[in-house]
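Inside the fold
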Amino acid sequence: MAFELSINADVRTALEKGAAVVALESTIIAHGMPYPQNVETAREVEKIVRDNGAIPATIAILSGEVKIGLTPDELQYLGREGRSIAKVSVRDLPFAVAQKRDGATTVASTMRLAAMAGIHVFATGGIGGVHRGAEKTFDISADMTEFANSNVAVVTAGAKAILDLALTLETLETLGVPVVGFGTDEFPAFYSRASGHAVPMRCDSAAEIADLLRAKWAMGLNGGVVVANPIPEAFEIPAEEIAAVIEAAVAKARAGGITGKHVTPFLLAEIASVTSGRSLTANIALARHNALVAAQIAAALSEKRS
Ligand code: PSU
Ligand code: MN
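Every value quoted in this text rests on a predicted model; they were computed, and no experiment measured them. (Residues numbered from 1 in each chain as written. Chains lettered and ligands numbered in written order. Predicted model: local features only at pLDDT ≥ 70, side-chain atom pairs only at ≥ 80, totals over all residues. Heavy atoms only, no water.)

Glancing now at the overall build of the protein. Along the backbone of the protein there are 13 helices and 11 strands. Computed over its C-alpha atoms, the radius of gyration of the protein comes to 18 Å, within 12% of the 19 Å expected for a compact globule of 306 residues. Seen through its principal axes, the protein has C-alpha atoms that stretch 50 × 40 × 35 Å. Put simply, of all contacts in the protein between residues at least 6 apart along the chain, 75% involve residues at least 24 apart. For the protein, the accessible surface area stands at approximately 12900 Å², while carbon and sulfur atoms represent 54% of it. (Helix = DSSP H or I, 4+ residues; strand = E, 2+ residues; numbered from the N terminus. Rg over C-alpha atoms; globule rule 2.2 N^0.38 Å. Contact = heavy atoms within 4.5 Å. Areas by Shrake-Rupley, 256 points an atom, 1.4 Å probe, with all protein chains shown as cover.)

Okay, structure coming up:
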């Protein structure tokens, strides 16, 4: 079987010119947020990328076709169908393609497909990581190992405190993945700007990040970079306020026997419901901010290339 990515015209033209492109994932749309906020956010995020000098490439699988860049109708379809669309991580890619299914791609599979397309900057909400209790469950997101493989910088609001952030940072260190605080010395905890965990390095501009990426890949150091970008202050939910909600959600998932790929979407929905949508507002704000920073990094990277 011959395989080809379905790259839309805008994205293809930008890639051919060496212009700035930002990849976007689709699990955050189908599984990370409720309809219709998911579609609204996906559209706004694409617009923010464009307004900041880059072309957005939202990635998903539709009827077995790997789409790099979606039409507005395709975005709407993904958002409306939501959780009935399979969450597709790297291991699920061949099944979705062979069976001509629809699939919402996670950070891991979006990174892999972006790299195949030649896209090196990607904006998400928050990456997956090492779950609490992973020493027993082995629940470590495939996002972690993907960072060791794909040459993609991912702009993320740190990682959620639904995870074990200390183990997540240890794992990234083991895998040789730079974790860069963007204007911060602390690894952000998604809803909160602070986590109590230091980042190993810090950059204060998109140009500095672009330099780091060029150095890494010029040295033959394959793999991704975590660009940890804290949620804007106005939208943050302080760690003290959200901690109990997260703990209760994790306990409920455990008691309910939620495992595997269902854990993350379950926790996100549970936290949004318990906070009466405040966590959703925070999630939207940080996703938009990550898109802005990713566009700036993609623009800086394409300048240096030309
Ligand atoms: N974190 C979020 N929102 C999300 C996700 C993570 O704040 O929507 C999604 C991303 O697509 C991420 C995936 O790659 O969940 C991780 O799932 P798992 O833990 O099953 O690997
Ligand atoms: Mn998992």
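Moving on, there is more to tell.
We now examine the site of ligand 1. As a structural note, the neighbourhood of ligand 1 is formed by 15 residues, with Glu 25, Lys 87, Ser 141, Asp 143 and Lys 160 the closest of them. Here Lys 87 contributes a side-chain N or O atom positioned 2.7 Å from an oxygen atom of ligand 1. The contact in question runs from an oxygen atom of ligand 1 to an N or O atom on the side chain of Thr 264, over 2.8 Å. For ligand 1, the accessible surface in isolation is 470 Å², of which the surrounding protein chains cover 94%. Those elements that place two or more of their residues in the shell around ligand 1 are helix H2 (27-32) and helix H12 (263-274). Here the shell around ligand 1 takes three residues from H2, the largest share from any one element. Here the residues of the shell around ligand 1 are counted per class, giving four nonpolar, seven polar and four charged. (Near = heavy atom within 4 Å. Polar contact = N/O pair within 3.5 Å; in protein donor to acceptor, adjacent residues only side chain to side chain. Nonpolar A, V, L, I, M, F, W, Y, C, P; charged D, E, K, R; others polar.)

Next up on the list: the packing of helix H6 (residues 107-117) against helix H8 (residues 142-149). Between H6 and H8, the least distance of the axes is 8 Å, while the angle of their chain directions is 20°. In terms of orientation, H6 lies roughly parallel with respect to H8. For the pair formed by H6 and H8, the contact residues are Val 107, Ala 108, Met 111 and Arg 112 on the first element and Ala 142, Asp 143, Glu 146, Phe 147 and Asn 149 on the second. The residue makeup of the contact of H6 with H8, split by class, is five nonpolar, one polar and three charged. (Axes fitted to C-alpha atoms, helices over the stretch in contact; angles between N-to-C directions. Parallel < 35°, antiparallel > 145°, perpendicular 65-115°, else oblique.)

With 58 residues, the main nonpolar core has Ile 68, Ile 119 and Phe 187 as its most contacted residues. Looking at this core element by element, the count peaks at six residues for helix H11 (residues 239-255). Leaving out residues up to four positions away in the same chain, Ile 68 has contacts with Leu 5, Ser 6, Ile 7, Asn 8, Val 11, Ala 57, Thr 58, Ile 59, Leu 113, Ala 117 and Ile 119. Membership of the second largest hydrophobic core comes to 45 residues, among which are Leu 24, Ile 29, Leu 78 and Val 121. (Core = buried A, V, L, I, M, F, W, Y, C linked by side-chain atoms within 4.5 Å. Buried < 20%, exposed > 50% of the residue type's maximum accessible area, 1.4 Å probe, protein only.)

Counting through the fold element by element, Thr 171 comes out in helix H9 (residues 165-174). With relative accessibility at 19%, the residue Thr 171 sits in the buried group. At a separation of 2.8 Å, a polar atom in the side chain of Thr 171 contacts the main-chain carbonyl oxygen of Leu 167. In contact with Thr 171, not counting residues within four places along its chain, are Val 130 and Met 144.

Given a rise of 1.5 Å per residue, 13 residues ought to cover 18 Å, and the 18 Å separating the end C-alpha atoms of helix H10 (residues 206-218) matches this to within 8%. Restricting attention to buried positions, one finds in H10 the residues Ala 206, Ile 209, Ala 210, Leu 213, Lys 216 and Trp 217. The buried residues of H10 occupy an angular sector of 125° when projected down its axis, which confines them to one face. Gly 220, located one to two residues past H10, shows a positive phi value of around 80°. (Expected span 1.5 Å × (residues − 1). Arc of directions from axis to C-beta.)

Function cannot be inferred from these measures alone, as they are strictly geometric.
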